Amino acid sequence: MAKTVDSLKIELGERSYEIIVGEKILDEAGSFIKRKVRGNSAFIITSKTVKRLYGKRLFDSLRRSGFDVEIFSVEDGEGGKDINYYISAIRDLSKFDEPIERVVFLINFGGGVIGDLGGFVAGTYRRGIPYVHIPTTLLAMADSGIGGKSGIDFISGRKKIKNKVGVIHQPSLVLCDIALLQTLPEREIVNGLSEVIKHGCIKSSELFSFIEENLEKIINKNMDAIFRAVSISYRIKAEIVSMDERETLGIRTLLNYGHTIGHAVESASNMRYLHGEAVAIGMVCANDIATRMGFLDKSIAERIEKLLVRAGLPVNIKGIKTRAIMDALKHDKKFMGKPRMVIIKKVGEAEVVDGVSLELIEEVIRNRGGS
Ligand SMILES: NC(=O)c1ccc[n+]([C@@H]2O[C@H](COP(=O)([O-])OP(=O)(O)OC[C@H]3O[C@@H](n4cnc5c(N)ncnc54)[C@H](O)[C@@H]3O)[C@@H](O)[C@H]2O)c1
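1. Focus: the nonpolar core
- Residues Leu193 and Ile361 are the most contacted members of the largest nonpolar core, which totals 85 residues.
- Top contributing element to this core by residue count: helix 8 (residues 223–243), with 11 residues.
- Counting only domains with at least three residues in this core, you end up with domain 1 (3–184) and domain 2 (185–371).
- Residues within four places of Leu193 in sequence aside, it is in contact with Leu138, Ile211, Leu215, Ile218, Ile219 and Ala311.
- Counting residues in each nonpolar core, the second largest holds 23 residues, with Leu26, Phe32, Ile134 and Leu173 among its members.

Given below as structure tokens:
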């Protein structure tokens, strides 16, 4: 039986939208969308695996609600954020959009990769058309599905730089069916958990303790435990995004905890580390730096590391040259302006610090296994 279990409004003035969470609500997606989104034709962007597992159910639900539907799918994983998929999506979308009576909107049906690619397509096609997120990974439900940040990776020189091209374009609706997580592989659950733990570290000791106490249940896909972790997590993200949508006040920057070094590790590994895995390494490196600079007590850093290790997330770097990570870091403009990082002072309290020395960062990366 389908049941709606939660809803939350993201307050952004005229760009406000709702996140609706339920169990087994995918088959009703068409009627939810009909009530919230203007348009008669849905262009779905998804990944190969999600299309195979759930594409027909979403397609049928939309058809039952009277929508014209087209599905566009990309490869699984980070490779889906390649510019060639963006170009193909725009080409197919524009063909689908040709009949004069069609009013087209997008549906991003998948994980964070699909959300980032699809959000960028929606934000740039005809200078912005409406879109719906239907996140299917823990990471996308708890984090990336909210906030409107989108983007694709771009090859610069010989290196692939993450999120090099992107826009902020808010969705019209986020629809989460937590039952879809039943088919998500364990490595992907753990990967998503990394961002949930990050939210606990920067803003909620309650969330952090909840994960400590319920880790095994979450990994074993106990739906009540997953729902609680996800719902606290997107509330934190929603609150931060509502306060600082375009990251101009330094509040949204706090979400970058673990991401400065994390993104550099992810890029330098050629995306061998999943996003959340790289962020886990980024978090322990940020903690090492904060401890060395006297901001963070060692016992708190150890508590966080212990949880990451228990979850099965990496806390040491394997097979990547320190130089490659430092090079990737130097592509991060936000960082290089005046070397700044998000550090935490205690569980639930984060701060941005300026003037972090590159020598200290390099030393910490080496100590964590950078060769
Ligand atoms: N925009 C933001 O605010 C934001 C925030 C955090 C991360 N991100 C981005 O998100 C991306 C990572 O997203 P992700 O971790 O969701 O990975 P992902 O989108 O690559 O999905 C992981 C894998 O799981 C498969 N999959 C998805 N749902 C499934 C399901 N229900 N059952 C079985 N398989 C399923 C996918 O096909 C894919 O192979 C990174 O590119 C990262 O930069 C964006």
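From this point on, the discussion continues.
2. Focus on the pairing of strand 7 (residues 152–156)
- Relative to strand 8 (residues 159–165), strand 7 is paired through four bridges, and the arrangement is antiparallel. Within strand 8, the position partnered with Ile152 by the bridge is Val165.

3. Some words on the pattern of salt bridges
- Using the criterion set out here, one finds 30 salt bridges in the structure.
- A salt bridge links Lys36 to Glu18; its shortest N-O distance comes to 2.6 Å. Separated by 18 residues along the polypeptide, Lys36 in helix 1 (residues 29–36) and Glu18 in strand 2 (residues 17–23) bring together distant segments of the chain.
- Exposure remark for Lys36: the relative accessible area of 41% places this residue in the partly exposed category.

4. Observations regarding the side chain of Thr46
- Assignment of secondary structure puts Thr46 in strand 3 (residues 41–47).
- If near-sequence neighbours (up to four positions away) are discounted, Thr46 is found in contact with Lys51, Ile71, Phe72, Ser73, Val74, Phe109 and Ile114.

5. Some words on the domain arrangement of the protein chain
- By domain assignment, the protein chain separates into domain 1 (3–184) and domain 2 (185–371).
- Contacts between the two partners involve 35 residues from domain 1, matched on the other side by 35 residues from domain 2.
- In this assembly, domain 1 packs against domain 2 so that about 3,200 Å² is buried in total across both faces, 63% of it on carbon and sulfur atoms.
- Summed over the three residues of domain 1 that lose the most area to domain 2, namely Leu138, Lys162 and Leu184, the buried surface amounts to 19% of that side.

6. Considering helix 8
- With 21 residues, helix 8 extends 30 Å between its outermost C-alpha atoms, agreeing within 8% with the 30 Å of an ideal straight helix rising 1.5 Å per residue.
- A side-chain oxygen of the first residue of helix 8 lies 3.0 Å from the backbone nitrogen of Asp224; this N-cap is Asn222.

7. Things to note about the sheet that holds strand 3
- Reading across the sheet, the seven strands line up as 1-2-9-6-5-3-4 and stay open at both edges, with mixed pairing between neighbours. Looking at which strands have only one partner, the edges of the open sheet turn out to be strand 1 (3–10) and strand 4 (68–74). Between one strand axis and the next, the sheet turns by 20° as a mean value, whatever way the strands run.
- Examined bridge by bridge, strand 5 (residues 104–110) and strand 6 (residues 131–135) share five bridges and lie parallel to one another. Bridged to Phe109 within strand 6 is Ile134.
- Against the sheet, helix 4 (residues 112–124) contacts strand 3, strand 4, strand 5 and strand 6, and its axis sits at roughly 170° relative to strand 5.

8. As for the environment of Met243
- Within the secondary structure, Met243 is located in helix 8.
- Note on Met243: relative accessible area 40%, which makes it partly exposed.
- As for Met243 and Arg126, which are separated by 117 residues in sequence, their C-alpha atoms are 28 Å apart.
- Filtering out sequence-adjacent residues up to four positions away, Met243 remains in contact with Leu249 and Ile251.

9. Notes on the pairing of strand 6
- Within strand 6, five of the five residues are buried, which leaves it mostly tucked inside the rest of the structure.
- Taking every second residue as pointing to the same face, both faces of strand 6 are buried, with Tyr131, His133 and Pro135 on one and Val132 and Ile134 on the other.
- Across two bridges, the pairing between strand 6 and strand 9 (residues 173–177) is parallel. Counterpart to Val132 in the pairing with strand 9 is Leu173.

Reading guide: rules and limits
- Residues numbered from 1 in each chain as written.
- Predicted model: local features only at pLDDT ≥ 70, side-chain atom pairs only at ≥ 80, totals over all residues.
- Heavy atoms only, no water.
- Core = buried A, V, L, I, M, F, W, Y, C linked by side-chain atoms within 4.5 Å.
- Buried < 20%, exposed > 50% of the residue type's maximum accessible area, 1.4 Å probe, protein only.
- Helix = DSSP H or I, 4+ residues; strand = E, 2+ residues; numbered from the N terminus.
- Domains from an automatic or database assignment.
- Contact = heavy atoms within 4.5 Å.
- Pairing = 2+ DSSP bridges.
- Salt bridge = Lys/Arg side-chain N within 4 Å of Asp/Glu carboxyl O.
- Buried area = accessible area lost by both parts, 1.4 Å probe.
- Expected span 1.5 Å × (residues − 1).
- Polar contact = N/O pair within 3.5 Å; in protein donor to acceptor, adjacent residues only side chain to side chain.
- Axes fitted to C-alpha atoms, helices over the stretch in contact; angles between N-to-C directions.

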